[in-house]
Amino acid sequence: MAKTIVVKQIGSPIRRPAIQRQTLVGLGLNKMHRTRELEDTPALRGMIRKIPHLVEIVEERG
């Protein structure tokens, strides 16, 4: 079974650069306090590292 992580949006994309807003959309997040359970991959970790002020890792599973 693949490892998964739960990612929560904690910051607003308002007045942020377009690339940061696009990264949020790529993670499947678009509104405050929403969470997504995603497969833990190097690409996903890189996306999270690009916007640490907008998202947090709530839980790591698997």
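Residues numbered from 1 in each chain as written. Predicted model: local features only at pLDDT ≥ 70, side-chain atom pairs only at ≥ 80, totals over all residues. Heavy atoms only, no water.

Peer 1: So, the nonpolar core: which residues are in play, and what are the values?
Peer 2: Residues Ile5, Val7, Leu24, Leu27, Leu29, Leu38, Leu44, Ile48, Ile51, Leu54 and Val55 constitute the largest nonpolar core, which totals eleven residues. Among all residues touching Val55, those that are not within four sequence positions of it are Val7, Lys8, Gln9, Ile10, Leu24, Leu27, Leu29 and Ile48. (Core = buried A, V, L, I, M, F, W, Y, C linked by side-chain atoms within 4.5 Å. Buried < 20%, exposed > 50% of the residue type's maximum accessible area, 1.4 Å probe, protein only. Contact = heavy atoms within 4.5 Å.)

Peer 1: Can you break down the sheet that holds strand 2 (residues 35-39) residue by residue, with the values?
Peer 2: Judged by pairing direction, the sheet is antiparallel, and its three strands sit side by side in the order 2-1-3 without closing on themselves. Bordering the open sheet on either side are strand 2 and strand 3 (55-61), each of which pairs with just one other strand. Each neighbouring strand pair of the sheet contributes to a mean axis angle of 25°, computed without reference to strand direction. The pairing of strand 1 (residues 4-9) with strand 2 spans five bridges and is antiparallel. (Pairing = 2+ DSSP bridges. Helix = DSSP H or I, 4+ residues; strand = E, 2+ residues; numbered from the N terminus. Axes fitted to C-alpha atoms, helices over the stretch in contact; angles between N-to-C directions.)

Peer 1: Before we move on, could you go through the pattern of salt bridges and cite the residues and values that matter?
Peer 2: Tallying each qualifying case throughout the model produces four salt bridges. Residues Glu37 and Arg61 are paired through a salt bridge, measuring 2.7 Å at the closest nitrogen-oxygen approach. Placement of the pair is Glu37 in strand 2 and Arg61 in strand 3, with a sequence separation of 24 residues. Take Glu37: its relative accessible area is 45%, and that puts it in the partly exposed class. Overall, the relative accessible area of 33% leaves Arg61 in the partly exposed class. Residue Arg45 pairs with Glu60 through a salt bridge whose shortest N-O separation is 3.4 Å. Of this pair, Arg45 sits in helix 2 (residues 42-50) while Glu60 sits in strand 3; the two residues are 15 residues apart in sequence, bridging distant segments of the chain. (Salt bridge = Lys/Arg side-chain N within 4 Å of Asp/Glu carboxyl O.)

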